[in-house]
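Reading the structure
As a plain string of letters, each chain reads:
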Amino acid sequence: MLAANLRVLREMAGISLSELARGSGIAKGTLSQLESGAGNPTLETVFSLSNALGVPVSSLLTERRDPDVVLVRAEDVEVFSGDAVDLRMLRRLDLTEGTIELYDQRFRPGRPQYSDGHPGREHHIVTSGVLRLGPPDDPFELGPGDYVCFSAEHPHFYEAVGPDPVASTLLLQYSDDAPSPAARACSVHGRRRRG
């Protein structure tokens, strides 16, 4: 799916492989391999391409369709791995005010996962383990059942706290063009930190 979508999105943007390589920081040869269906992209590669093309990650990873029932089997979903996380996209929802992507996440203990930032807002809910995430200078610590929403536009990180892996769900929310301040807000009632 990535190969075909990458080629189409690059052509729609009217940019060459060389221009995409410069914009994403990914070697032209690697991009050529990805467009031909070879190679095994990392989580960082997929997000770099998404940022360079100005599209949600799901535009690269999913087929556009709108069935009445969606059943996703774990074994049918490609896993993208980073330094500390395995990420599986379960669903993309195109709404009138933007796009939402739903992910299953598994964080391995012992190493943090960093993001330089990307468009949208991240909504996280932890189902098992303890997860530290958010801006490096002011992170959140979430336990089972805890939820947080924050702007993903600035650098942030994720890290399993303690010896156990963390299971969580991520909802990535992208707003259309110039959203209102209300559309960019998380609508939270307060901010209390653990620890």
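Predicted model only: the values in this text are computed from it and were never measured.

**Here we look at the overall build of the protein**
- Scanning the protein from N- to C-terminus turns up six helices and ten strands.
- Residues classed as buried in the protein amount to 41% of the 195 residues present.
- Restricting to contacts in the protein with at least 6 residues of sequence separation, those with at least 24 account for 65%.

**Details of the sheet that holds strand β7 (residues 140-142)**
- Spatially, β4-β9-β6-β7 is the arrangement adopted by the four strands of the open sheet, whose pairing is antiparallel. Of all the strands in the sheet, the pair left with one neighbour each is β4 (113-115) and β7. Taking each pair of neighbouring strands and ignoring which way they run, the sheet shows an average axis angle of 20°.

**Re the packing of helix α2 (residues 17-24) against helix α3 (residues 28-35)**
- Where α2 contacts α3, the axes come no closer than 9 Å and their chain directions differ by 115°. In terms of axis orientation, α2 runs roughly perpendicular to α3. The two elements α2 and α3 cross, and the hand of that crossing is right-handed. Facing L17, S18, L20, A21 and S24 of α2, the residues of α3 in contact are K28, L31, S32 and E35.
- In the contact of α2 with α3, the residues fall into four nonpolar, three polar and two charged.

**Digging into α2**
- Within α2 the residues assigned to the buried category are L17, L20, A21 and S24. Take α2 and look down its axis: the buried residues cluster within an arc of 105°, on one side only. Away from its buried face, by an angle of more than 90 degrees, α2 presents the exposed residues R22 and G23.
- Where α2 is buried, its residues touch α1 (2-13), α3 and α4 (43-53).
- At the C-terminal side of α2, G25 shows a positive phi close to 75°.

**Thoughts on the pairing of strand β6 (residues 130-134)**
- With five bridges connecting them, β6 and strand β9 (residues 156-161) associate as antiparallel partners. Paired with R132 across the strands is E159, a residue of β9.
- Both β6 and β7 contribute to a ladder of three bridges, which runs antiparallel. Paired with L133 across the bridge in β7 is F140.
- Between β6 and β7, which pair antiparallel one after the other, the connecting turn spans five residues.

What counts, and at which threshold
Residues numbered from 1 in each chain as written. Predicted model: local features only at pLDDT ≥ 70, side-chain atom pairs only at ≥ 80, totals over all residues. Heavy atoms only, no water. Helix = DSSP H or I, 4+ residues; strand = E, 2+ residues; numbered from the N terminus. Buried < 20%, exposed > 50% of the residue type's maximum accessible area, 1.4 Å probe, protein only. Contact = heavy atoms within 4.5 Å. Pairing = 2+ DSSP bridges. Axes fitted to C-alpha atoms, helices over the stretch in contact; angles between N-to-C directions. Parallel < 35°, antiparallel > 145°, perpendicular 65-115°, else oblique. Left-handed = near helix turned anticlockwise from the far one by under 90°. Nonpolar A, V, L, I, M, F, W, Y, C, P; charged D, E, K, R; others polar. Arc of directions from axis to C-beta.

All quantities given are derived from atomic positions and should not be read as evidence of function.
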